[in-house]
Amino acid sequence: MQRALDLARLAEGDTSPNPGVGAVLVFQGQIIGEGYHSVHGQAHAEVNALRSVRPEHQELISQATLYVTLEPCCVYGRTPPCTDLILKSGIQRVVISSIDQSPGVNGKGVHILRSKGVEVITDVLPAQGSYQAQIRNTYMTEKRPYVILKLAISRDGFIGRESGQVNLSNAPSWRLVHRLRNRVDGILIGTRTALIDDPRLTNRLFWGKSPIRIIPDLHHRLHPELAIFKGPTETWIIREVSPSKAGNWPVHVKIKEVQPAAGLKGILALLAENGLSSILVEGGATIIQSFLDADLWDEAILSSTDQYLGQGTPAPGGFANPEDHFSLGTNEFSWFRHSRYNS
């Protein structure tokens, strides 16, 4: 199962809104096939694992055990149900890490296999499997994107200055941040951050895609000359429904409208309705604090630098009991998950 989980992570950022899934086929302690879901809309992990079995091992498939990180799907989507494939292959034993909470699945895949005589074992490395599927499960059950907060803090507890941009990250830290950008569907900042820091918000230091750039601009303060509007990366401006014209924006800039007083919950619902299953929030103290106050976050990554600012904007509080801690040069990182995942 650990091998299957490692395979699942190879497609990080490429399968949304599906989760990354890995599968390993084992006969008498030897792997005879393995695969993972590499791109949304293409073959699932179980399909690729069976396709990888060499011709001389085909006759062993029905006697092998299939290890898969997520419950096999049992509904028709862009691909046929994987439960049908498993039954057709003759596999008699399936080991699953995590249940797929998607409507129409959510234990039904397990039920179908068991009803046809297949031995199914669940909850193997469940914490790792659940984390691998958490973005998808949050998106499907809560109808909002999975939210990751990211902020850098000075040694004396400030997130920045009022007067202009402050760089609190070193080179290795920037590469980690760009990897996070590849992992998510969208990256969100506040209007103030866009105006003061003037960031590009693209993935330039890690392979893979750049996420959709998102800026709530309810008071129409943004202008087309900002760096975030440069280049071909799709960018969304979120505004309240208004009869006024959208303005003269580049073709890759889209205006997305929410109802007045929709609040943060309404903005997240709009993002989910438009297919975004995960976002990285890289804004300043105000927008980070708004996610904390609304209790609409899932992970947080805090980077602490050795720099002192002396004065500035205090960093948001409320984070406790990190699940992991590591260093990248002069920057110390703490990783938090919302307490809802500790139950």
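Here the structure is a predicted model, which means the values were calculated and not measured.

Draft legend 1. Expanded view of the overall build of the protein chain. The helix and strand tally for the protein chain stands at 9 helices and 16 strands. In terms of C-alpha radius of gyration, the protein chain reaches 22 Å, essentially the compact-globule figure of 20 Å for 343 residues. Projecting the C-alpha coordinates of the protein chain onto the three principal axes gives extents of approximately 70 × 50 × 35 Å. Put simply, the protein chain has 343 residues, and 51% of those count as buried. Taking the contacts inside the protein chain whose residues are at least 6 apart along the sequence as the reference set, 69% of them involve residues at least 24 apart. Surface summary for the protein chain: the accessible area is close to 16,000 Å², and the carbon and sulfur share equals 51%. Charged side chains of the protein chain number 34 positive and 33 negative; the gap between the two group centres comes to 4 Å.

Draft legend 2. Just the sheet that holds strand β4 (residues 93-98), in detail. Spatially, 5 strands are ordered β2-β1-β3-β4-β5 in an open sheet, and the strand pairing comes out mixed. Strand pairing shows two members of the sheet lacking a second neighbour, β2 (30-36) and β5 (119-121), which therefore form its edges. Strand-to-strand, the axes of this sheet are offset by a mean angle of 20 degrees, without reference to chain direction. The sheet contacts of helix α5 (residues 126-142) involve β3 (65-70) and β4, and relative to β4 the element is tilted by about 70 degrees.

Draft legend 3. Examining the side chain of Ser277 more closely. In this fold, Ser277 is placed in the loop between α8 (263-273) and β12 (278-281). Here Ser277 falls in the buried class, since its relative accessible area comes to 2%. Only 2.9 Å separates the side chain of Ser277 from the side chain of Ser16, close enough to count as a polar contact. The contacts of Ser277, once residues within four sequence positions are left out, are Ser16, Pro17, Ile135, Tyr139, Pro145, Tyr146 and Asp185.

Calculation rules
Residues numbered from 1 in each chain as written. Predicted model: local features only at pLDDT ≥ 70, side-chain atom pairs only at ≥ 80, totals over all residues. Heavy atoms only, no water. Helix = DSSP H or I, 4+ residues; strand = E, 2+ residues; numbered from the N terminus. Rg over C-alpha atoms; globule rule 2.2 N^0.38 Å. Buried < 20%, exposed > 50% of the residue type's maximum accessible area, 1.4 Å probe, protein only. Contact = heavy atoms within 4.5 Å. Areas by Shrake-Rupley, 256 points an atom, 1.4 Å probe, with all protein chains shown as cover. Lys, Arg positive; Asp, Glu negative; His and termini not counted. Charge placed at Lys NZ, Arg CZ, Asp CG, Glu CD. Pairing = 2+ DSSP bridges. Axes fitted to C-alpha atoms, helices over the stretch in contact; angles between N-to-C directions. Polar contact = N/O pair within 3.5 Å; in protein donor to acceptor, adjacent residues only side chain to side chain.

So, to be careful, I would describe these as geometric facts and stop short of saying anything about function.
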